[in-house]
Structure formats: C-alpha cells, structure tokens
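Residue-level listing of the chains:
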Amino acid sequence: MSQRTKKEAPKDAKEVAVIKTTEGTMVAEFWPDVAPKTVENFKKLANDKFYDGTCFHRVIKDFMIQGGDPNTKDASKEAQWGMGGPGYQIKAEFNDKSHVKGVLSMARSQDPNSAGSQFFICHGNPSFLDHQYTAFGKLIKGEDVLEKIATTKTHPPDRPDKRIGVESIKIVPAESVK
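Please read these numbers as outputs of a predicted model, since none were measured by experiment.

S.K.: Whenever I open this one, the side chain of Asp52 confuses me. Can you help?
M.R.: Within the secondary structure, Asp52 sits in the loop between α1 (36–47) and β3 (54–55). Within the buried set, Asp52 has no salt-bridge partner at all; the shortest N-O distance to an opposite charge, 4.9 Å, is to Lys49. Of note is the side chain of Asp52, whose polar atom sits 3.3 Å from the backbone nitrogen of Ile169. Every residue in contact with Asp52, bar those within four places of it in the chain, is listed here: Lys73, Val166, Glu167, Ser168 and Ile169.

Shown next, in the form of structure tokens:
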C-alpha cells in the first residue's frame, strides 16, 4: 500500500470543483467517463491556482456565464478578455451530455480543438451546442449563485457592469462537500 498525504484522495475517489466567486460558491461534479482529458485539464489548472483571481468576463442571461481567461486578472487588459489561455490547446471530447442549465463546458474559438482554460456554465438550455462543445460536468450546488451571476446587468460585449470575480477553484473529494 502506498503512502498518501492527508490531503491526497485515492486515485478512484470522486472529486468536485468548489468554485468560490464574489457572488457566492458553486460546486460542480465532473464527467470523466465522457470527457476524461478535459476533466484532467480543468483539475490541473484549478490545482495550479490558474483560475484564482480571474473573473466571469462574458455573461448572457438564459445562455451562459463564461470565465477562465487569465487576461481577466488585469482590468487594463479588458480589450483582450476572452482571448487568453494556458498557452496550449486540448482536443475536443464531444459527447452525448446535453447542454442544459448548470452544465460545465469548454469555451473555444472556431477550431473545435482550440479549448484551453476558458469554460462556461449554462444558464439556459442551449442544447444547440451539443456535439460542438465539450460538456464535462454539472453544478450540484449553487444554482442560486449561477442565477445571480447570469442575471447581473451587463454592457457590450456581454461584460458584467461589476466585476464578478473567481476567488478560487478548489478540487476536493466529493464526500467533503455537504
């Protein structure tokens, strides 16, 4: 039996993402069965604190809220918000999970294999995105927070009038979240 640190979960333990925002906390479960590389990438970035200090830079009521761009850590780079990433791209893992309210999915450019760090959480039921974007998880807590963020006042190009910060995204064992 290998030695494990107290914090480290067994390899097969179910983990969740605790997304702490300035508007409250959301918790998402992952779907490694349909998007293993995407889940692995999101967890790696979260564990590296890549998302800490970013913000939801694109908010469209009844559609989605988008975050994960490192450029959003710097307000003076607002013109580049939506263009940042981790410096690499991952292959799409299109699957049969439908894009419905609360689903976590990867944002990308026109190239299906251009996702990196940016993700979105569906507010409406944009099922027209099915098989075109990689759905990789779903909120299990914090739908009220999603609602608060998605209905915040915005200005072009779909920017929230007030900064909606991502304070941290932590990957924790599912059983630790009550």
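S.K.: Is there a simple way to think about the layout of surface pockets in this case?
M.R.: Gaps left between atoms are located by rolling a probe of water-molecule size over the structure's atoms. Quantified by volume, the second largest pocket comes out at close to 440 Å³. Considered class by class, the residues forming the lining of the second largest pocket number 11 nonpolar, 12 polar and three charged.

S.K.: For this particular structure, what's the right way to read the pairing of strand β5 (residues 64–67)?
M.R.: For a regular strand, side chains alternate in direction, first toward one face of the sheet and then toward the other. Residues Met64 and Gln66 of β5 are buried on one face, and the alternating residues Ile65 and Gly67, pointing to the opposite face, are buried as well. Of the strand pairs in this sheet, strand β4 (residues 58–60) and β5 are connected by three bridges, and their pairing is antiparallel. Each bridged residue has a counterpart across the sheet, and for Arg58 the counterpart in β5 is Gln66. Connecting β4 to the antiparallel partner β5 that follows it, the hairpin turn spans three residues, and Asp62 within it adopts a positive phi of roughly 65°. Pairing geometry for β5 and strand β7 (residues 119–122), over four bridges, is antiparallel. Each bridged residue has a counterpart across the sheet, and for Met64 the counterpart in β7 is Cys122.

What counts as what
Chains are numbered independently. Their residues run from 1 in the order of the written sequence. Per-residue local features are limited, in this predicted model, to residues with pLDDT of at least 70; the limit for side-chain atom pairs, both in listing and counting, is 80 or more; totals at the level of whole chains, interfaces and linings are taken over all residues. The basis for every side-chain value is the complete set of heavy atoms in the structure, and neither hydrogens nor water enter the calculation. Helix numbering and strand numbering both begin at the N terminus, where a helix is a DSSP run of H or I of at least 4 residues and a strand a DSSP run of E of at least 2. Only protein chains enter the accessibility calculation, which uses a 1.4 Å probe; a residue is then buried when its area is under 20% of its type maximum, exposed when over 50%, and partly exposed in between. Neither His nor the chain ends contribute to the count of charged residues, in which Lys and Arg are positive and Asp and Glu negative. Salt bridges are defined by distance alone: a side-chain nitrogen of Lys or Arg within 4 Å of a carboxyl oxygen of Asp or Glu. As used in this structure description, the phrase polar contact means that two N or O atoms lie within 3.5 Å; if the pair is within protein, one of them must be able to donate a hydrogen and the other to accept it, and residues adjacent in sequence are counted only when both atoms belong to side chains. We call two residues in contact when some of their heavy atoms are within 4.5 Å. Only protein atoms enter the 1 Å grid, on which a cavity is a set of points fitting a 1.4 Å probe that cannot get out and a pocket is an open set with protein on both sides within 12 Å along at least 5 of 7 lines, lining residues being those with an atom within 4 Å of a point. Grid points are joined across faces, edges and corners, and a volume is the space filled by probe spheres set on the points. Under the scheme applied here, ten amino acids are nonpolar (Ala, Val, Leu, Ile, Met, Phe, Trp, Tyr, Cys and Pro), four are charged (Asp, Glu, Lys and Arg), and all others, including Gly, are polar. If DSSP finds at least two bridges between two strands, the strands pair.

Coordinates in, geometry out; function isn't part of it.
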